[in-house]
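So the chains spell out like this:
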Amino acid sequence: MDQELHPFLKRQIRRFLHEEDIDGTELEKFILAVDSSYKHFSRERELMETSSNRMMEEMKHKNESLKRLISSLDDFNYHVSHDLKSGVINNLSLSKMLKKYLENGEEKMVEEITEKLQENSERNLNTIRQFLRIAKEDINISNTEDVQLINFKEQVNEVLLEFDPADFEIDIAVVGLESFVYSLVQFKSVLRNLISNSIRYRKESSRAKIAVCFYHQELNKRIVYRDNGIGIDLKKRKDKIFKAFEADQRYSNSSGVGLYLTKKIIESNGGTITLESKLGEGVCFKIML
Amino acid sequence: MLSKGKVFLIDDDPIANFCNKDVLQEIESIEQIEEFLEAKKALIELEKLLKEGMSLPHYIFLDIRMPEMDGFEFIEELEYLLEDNEPGELPTIILLTSSRHKRDLELFAKCQLPGYYLNKPLELEELKQKLAF
């Protein structure tokens, strides 16, 4: 029994006690009690250390996500002030012009300005819709109440119902476990954004071909998403691809919000998204959930 | 060499160009307004003028936020292009802003070319006051 005791403790105790005062078994019992208390306390200390490390990690994580939030709010503010204002300014300028040319009686100009006024107002409406969409999705991102076990294939198919089957064909594969824990609203939002981009940026007069694969092994959860669309010139647009309101100018109906929100959702869950693409050769997104 | 009567107008928004052009046309000394929807194209044109020894525009009205090359990227490229020009031979940049965002003001303060800000929409009176037409 003696050998199991902590040698340091044993030495200390023997230093302070006169062995002749207590008989051997009493002493052994005493040493044992102290030793087991010591072991107990060091277990407690280890637990405290682990939990404080975990708290530090969590705080670091929260700090990073706050920093991201601040920078995205800053971006948002910049775009709101620019885009909304320039839209309204255009309307103001056009109205002034309209007044001028009405007074001059230049009918042709009046007609042209009126058309531009309408075009500009429609654009403003679209801009406001995008801002509202971001605001709405922001609420979804902060909502973690619907975190649940998600069957990948099932939910992808669920999202696909929102699209016209004539626009795309898709191949869904799962390697490893088929379910994972995530917010359902957020997961569907990610999928919806990727699929609508594949359809929007498909090659002319062909269906979008999409291949999506879910790899789930132990803690490693990955989605690889490919399409055969028009692709992206990453040399030109690399910095802008995941930023809000930097929609591809080749297409007027793109909102410039989808990939921004996608990245935001994934990162707010501690994951990453990267893009590989060449002009004319489709895209490949790699997502770590 | 600068051509007093020549201005460039660079903005990716055709409606803003349409309105600003209308204001600029009211100024008698402006004879030629060249409109660009992409900063890159304006830069290529300036490079061509420089190579051929043609006169450069006196004023360049420049939007900040544009896709591909934005206003500040344009200024940076232009400064590089004009680094051998005498101070009197540099076009003046008129930065068109819709909101005086701190980020933009800080970047513009670093620019070497002569320049001003003007608020969008361009106002005829303000233009005449601030610029030597």
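Just above sits the structure.
Residues numbered from 1 in each chain as written. Chains lettered and ligands numbered in written order. Predicted model: local features only at pLDDT ≥ 70, side-chain atom pairs only at ≥ 80, totals over all residues. Heavy atoms only, no water.

Participant: Explain the overall build of chain B to me, please; I cannot follow it from the model alone.
Facilitator: A count of helical and extended segments in chain B gives five helices and five strands. For chain B, the α and β elements follow one another from N to C terminus as β-α-β-α-β-α-β-α-β-α. Out of the 133 residues belonging to chain B, those deemed buried represent 52%. Of the contacts formed within chain B by residues at least 6 apart in sequence, a portion of 66% connects residues at least 24 apart. Working note: accessible area of chain B is about 6,600 Å², and carbon and sulfur atoms make up 48% of it. (Helix = DSSP H or I, 4+ residues; strand = E, 2+ residues; numbered from the N terminus. Buried < 20%, exposed > 50% of the residue type's maximum accessible area, 1.4 Å probe, protein only. Contact = heavy atoms within 4.5 Å. Areas by Shrake-Rupley, 256 points an atom, 1.4 Å probe, with all protein chains shown as cover.)

Participant: How do you make sense of unusual backbone geometry when you look at a structure like this?
Facilitator: Residue B:Pro121 follows B:Lys120 across a cis peptide bond; omega there is -5°. Examined against the element boundaries, B:Pro121 turns out to sit in the loop between strand S5 (115-119) and helix H5 (124-130).

Participant: Any chance you could explain helix H4 (residues 152-160) of chain A here in plain terms?
Facilitator: In an α-helix, one turn spans 3.6 residues, which is why side chains three or four residues apart end up on the same side. Residue and element names in this part refer to chain A. Restricting attention to buried positions, one finds in H4 the residues Phe 152, Gln 155, Val 156, Val 159 and Leu 160. One side of H4 carries all its buried residues, which in axial view fall inside an arc of 150°. On its buried side, H4 packs onto strand S1 (147-151), strand S2 (168-176), strand S3 (179-183), helix H5 (184-200), strand S4 (208-217) and strand S5 (220-227). Its side-chain oxygen 3.2 Å from the backbone nitrogen of Lys 153, Asn 151 forms the N-cap of H4. (Arc of directions from axis to C-beta. Polar contact = N/O pair within 3.5 Å; in protein donor to acceptor, adjacent residues only side chain to side chain.)

Participant: For this particular structure, what's the right way to read the layout of surface pockets?
Facilitator: All names here are of chain A. Counted as a void, the second largest pocket has a volume near 740 Å³. Along its surface, the second largest pocket is lined by 24 residues, and Ser 65, Arg 68, Leu 69, Lys 264 and Ser 268 are the ones closest to its centre. Only helix H2 (24-104), helix H3 (107-142) and helix H7 (258-268) provide two or more residues apiece to the lining of the second largest pocket. The element best represented in the lining of the second largest pocket is H2, accounting for ten residues. A per-class count over the lining of the second largest pocket returns five nonpolar, nine polar and ten charged. (1 Å grid on protein atoms, 1.4 Å probe; cavity = no way out; pocket = protein on both sides within 12 Å on 5 of 7 lines; lining within 4 Å. Points joined across faces, edges and corners; volume = space filled by probe spheres on them. Nonpolar A, V, L, I, M, F, W, Y, C, P; charged D, E, K, R; others polar.)

Participant: Help me understand helix H3 (residues 71-81) of chain B, please; the structure alone is not making it clear to me.
Facilitator: Residue and element names in this part refer to chain B. Those residues of H3 that fall on the buried side of the exposure criterion are Gly 71, Phe 72, Phe 74, Ile 75, Leu 78 and Glu 79. Mapping the buried residues of H3 onto a view down its axis gives an arc of 155°, with all of them on the same face. Facing away from the buried side of H3 by more than 90 degrees, the exposed set consists of Glu 76 and Tyr 80. Buried-residue contacts for H3 involve strand S1 (2-10), helix H2 (39-51), strand S3 (56-63), strand S4 (92-97) and helix H4 (102-109). Measuring from the backbone nitrogen of Phe 72 back to the side-chain oxygen at the start of H3 gives 3.0 Å, which picks out Asp 70 as the cap.

Participant: Looking at this structure, how should I read the packing of aromatic side chains?
Facilitator: The geometry of an aromatic ring pair is captured by two quantities: the separation of the ring centres and the angle between the planes. All names here are of chain A. One pass over the full model with this rule turns up nine aromatic pairs over all chains. Ring geometry for Phe 152 and Phe 214: centres 4.6 Å apart, planes at 10°, overall stacked. Of this pair, Phe 152 sits in helix H4 while Phe 214 is found in strand S4, placing the two residues 62 residues apart along the sequence. Like Phe 152, the residue Phe 214 is buried in the burial classification. Taking 5.3 Å as the distance between ring centres and 75° as the angle between the ring planes, the aromatic pair formed by Phe 180 and Phe 187 counts as edge-to-face. Of the two residues examined, Phe 180 and Phe 187, each falls in the buried class. An aromatic cluster is built from Phe 152, Phe 180, Tyr 182, Phe 187 and Phe 214, whose rings are joined through pairwise contacts. If you follow Arg 222 out to its NZ or CZ, it ends over the ring of Tyr 215, 4.5 Å from the centre. (Phe/Tyr/Trp six-rings, centres within 6.5 Å; stacked < 30°, edge-to-face > 60°. Lys NZ or Arg CZ within 6 Å of the ring centre and 35° of its normal.)

Participant: Quick question: what am I supposed to make of the nonpolar core here?
Facilitator: Looking at soluble globular proteins, one finds that nonpolar side chains tend to be buried together. Counting 37 residues, the largest nonpolar core has A:Phe152, A:Phe187, A:Ile195 and A:Phe285 as the members making the most contacts within it. The dominant element in this core, judged by the number of residues it contributes, is H5(A), at seven residues. Apart from residues lying up to four places away in sequence, A:Phe187 is in contact with A:Ile150, A:Phe152, A:Gln155, A:Val156, A:Phe180, A:Tyr182 and A:Ile223. With 26 residues, the next largest nonpolar core counts A:Tyr78, B:Ile60, B:Leu62 and B:Ile75 among its residues. (Core = buried A, V, L, I, M, F, W, Y, C linked by side-chain atoms within 4.5 Å.)

Participant: Sorry if this is basic, but what is going on with the side chain of A:Ser198 here?
Facilitator: Here A:Ser198 lies in helix H5. Within polar-contact distance, the side chain of A:Ser198 engages the side chain of A:Asp227 at 2.7 Å.

Participant: It is not clear to me how the sheet that holds strand S6 (residues 272-277) of chain A should be interpreted in this structure. Could you clarify?
Facilitator: The strands making up a sheet are joined through hydrogen bonds of the backbone, oriented either antiparallel or parallel. All names here are of chain A. Taken together, five strands build an open sheet; the order of strands is S2-S4-S5-S7-S6 and the sheet is mixed. Both outer strands of the open sheet, S2 and S6, are each paired with one neighbouring strand and no more. Averaged over all neighbouring strand pairs, the angle between strand axes comes to 15°, with direction disregarded. Relative to S4, S2 runs parallel, the two sharing nine bridges. Looking at S4, one finds that Phe 168 is bridged to Ala 208. Lying over the sheet, H4 contacts S2, S4 and S5, oriented at roughly 165° with respect to S2. Across the sheet, H7 lies against S6 and strand S7 (283-288), angled at about 140° from S6, the strand it touches most. (Pairing = 2+ DSSP bridges. Axes fitted to C-alpha atoms, helices over the stretch in contact; angles between N-to-C directions.)

Participant: Which parts of the structure should I look at to understand the interface of chain B and chain A?
Facilitator: Buried accessible area, meaning the area lost when the parts come together, often serves as the stated size of an interface. With 21 residues of chain B at the contact, the number on the chain A side is 32 residues. Summed over both partners, the interface of chain B with chain A comes to about 2,300 Å²; 51% of that surface belongs to carbon and sulfur atoms. Put simply, chain B and chain A have five salt bridges between them. Where B:Glu123 meets A:Lys96, a salt bridge forms, and the shortest distance between an N and an O atom there is 2.7 Å. (Buried area = accessible area lost by both parts, 1.4 Å probe. Salt bridge = Lys/Arg side-chain N within 4 Å of Asp/Glu carboxyl O.)

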